[in-house]
Amino acid sequence: MSHVILDLVQNSVSAKADKVEIKLTASKRQDLLSVLISDNGKGMDEEQVRKATNPFYSTRETRDIGLGLPFAKMMAEQANGDFKILSKPSKGTNVYFSFRLSHWDCPPIGDLSATFVSLFIFHKEILVIFKVKSDDGSFTLSNQEIYKELSASQITEQWVIEWVREYFEKNLVNTLKEG
Amino acid sequence: MSKKINSLEDLRKLRAEKEKLTSPREGDNIQVIVGMGTCGIAAGARDAMLALLDEINKKNLKVNVTQTGCIGMCEKEPLIDVIVPGKSRITYGNVTADVAKNIVSQHLANGQIVQQNVVGKIEE
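What comes next concerns the included structure. (Residues numbered from 1 in each chain as written. Chains lettered and ligands numbered in written order. Predicted model: local features only at pLDDT ≥ 70, side-chain atom pairs only at ≥ 80, totals over all residues. Heavy atoms only, no water.)

## Let's talk about the interface of chain A and chain B
- Taken together, the 42 residues of chain A in the interface contact 31 residues of chain B.
- Each partner contributes to the roughly 3300 Å² buried at the junction of chain A and chain B, and carbon and sulfur atoms together form 59% of this total.
- Three residues stand out in chain A for area buried against chain B, namely A:Phe122, A:Glu149 and A:Trp163, and they jointly supply 22% of the buried area on that side.
- There are 1 salt bridge connecting chain A and chain B.
- Ionic pairing is found between A:Glu149 and B:Arg12, a salt bridge with its closest N-O pair at 2.5 Å.
- Taken together, chain A and chain B are joined by 12 residue pairs in polar contact (both at pLDDT 80 or more).
- For the side of chain A that touches chain B, the secondary structure elements donating two or more residues are α1 (2-14), α3 (68-78), α4 (112-122), β6 (137-142), α5 (143-147) and α6 (158-178) of chain A.
- The element that contributes the greatest number of residues to the side of chain A that touches chain B is α6(A), accounting for 12 residues. (Contact = heavy atoms within 4.5 Å. Buried area = accessible area lost by both parts, 1.4 Å probe. Salt bridge = Lys/Arg side-chain N within 4 Å of Asp/Glu carboxyl O. Polar contact = N/O pair within 3.5 Å; in protein donor to acceptor, adjacent residues only side chain to side chain. Helix = DSSP H or I, 4+ residues; strand = E, 2+ residues; numbered from the N terminus.)

## Brief notes about the pairing of strand β1 (residues 30-35) of chain B
Residue and element names in this part refer to chain B.
- With 5 of 6 residues buried, β1 lies mostly within the body of the structure.
- As defined by bridge partners, β1 adjoins strand β2 (residues 63-68) across 6 bridges and the pair is classed as parallel. Looking at β2, one finds that Ile30 is bridged to Val63.
- Examined bridge by bridge, β1 and strand β3 (residues 80-83) share 4 bridges and lie antiparallel to one another. (Buried < 20%, exposed > 50% of the residue type's maximum accessible area, 1.4 Å probe, protein only. Pairing = 2+ DSSP bridges.)

## Things to note about the packing of α4(A) against helix α3 (residues 45-58) of chain B
- The contact between α4(A) and α3(B) brings their axes to 10 Å, and the two run at 65 degrees. Relative to α3(B), α4(A) is oriented so that their crossing is left-handed. Contact residues: A:Ala114, A:Thr115, A:Val117, A:Ser118, A:Ile121 and A:Phe122 in α4(A); B:Arg46, B:Met49, B:Leu50 and B:Leu53 in α3(B). (Axes fitted to C-alpha atoms, helices over the stretch in contact; angles between N-to-C directions. Left-handed = near helix turned anticlockwise from the far one by under 90°.)

## Topic: the environment of A:Arg29
Residue and element names in this part refer to chain A.
- Of note, Arg29 is situated in the loop between β1 (19-27) and β2 (32-39).
- Assessed through its relative accessible area of 68%, Arg29 is described here as exposed.
- For Arg29 and Phe168, which are 139 residues apart along the polypeptide, the C-alpha to C-alpha distance reads 24 Å.

## What to know about unusual backbone geometry
- Put simply, B:Glu77 and B:Pro78 share a cis peptide bond, and its omega is -10 degrees.
- Along the chain, B:Pro78 falls in the loop between β2 and β3.
- Its identity is not glycine, yet A:Asn80 carries a phi of approximately 60 degrees, on the positive side.
- Owing to a relative accessible area of 52%, A:Asn80 belongs among the exposed residues under this scheme.
- Backbone geometry places B:Asn60, a non-glycine residue, at a positive phi of 55 degrees.

## Focus: the sheet that holds β1(A)
Residues and elements named next belong to chain A.
- Taken in spatial order, the 6 strands make up an open sheet running β3-β4-β2-β1-β5-β6, and their pairing is mixed. Where the open sheet ends on each side, the last strands, each with one partner, are β3 (83-88) and β6. Mean inter-strand twist for the sheet, computed between neighbouring axes without regard to direction, equals 10 degrees.
- Relative to β2, β1 runs antiparallel, the two sharing 8 bridges. Across the sheet, Lys23 pairs through a bridge with Leu36, a residue of β2.
- With respect to the sheet, α3 is in contact with β3 and β4 (92-100), its orientation differing from that of β4 by roughly 30 degrees.
- Strands β1, β5 (127-134) and β6 of the sheet are contacted by α4, whose axis makes an angle of about 165 degrees with β5.

Structure, rendered in structure tokens:
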């Protein structure tokens, strides 16, 4: 699932968003794993929203195939979850999808910290906020608060990547696991 | 809640330490572009990219790493482009973490192209 999140945030970036918020909830009590990705990009009109989950539609101009959203929808449906897109032109897009935690086909969360590191390295100009919530805790982390501590050339240096990874792992991933 | 073991304060300290140690790196600014479309991500571009950065840092090379979307060779993903100034632009396909490390140590560090993974070449 960490790959799906990375992929959908890339969509937000292509939609010229400068703020993307990723909310992850894992709750054993509610038997729910959910992801909400909200951006302030250029958004979509009703027609585009309707077409967005068709694998043979894409806003890209090179080819007519886009698979990010159709994949997310398929995975959610396979695990008895929900899938929704709320979007308005020039207002941005919210993509929500969820899974039943107990379902056979509930995807593993995967390497979330690697997803964060990828976003951290490639999208310096965008505010990326990760929010994680479980039954007994929550944690928030944004890329910009880390950039503040660093100079631009340091961002791709190994000690920074390692630190970010560890920081993310210890806080966000642990919060999720405890849920 | 588990104890938060490190914080931004640690990062500040770490930065101060590192700045004492490292001098600015000189270089000719090689550019590496990683394909991060749906196909690339699904094929493992994220891991290839992290392995790439890991190796670049180990070798202390000055390289610009950027990303792009799908370029239409999805079956050969993960794809990585290497642009060494003044040389042909090389596109590598099926780049696993190990291949990424090879590309760094052979191509970026020594200028030797990793032939078995080349899928395209644009002459300078």
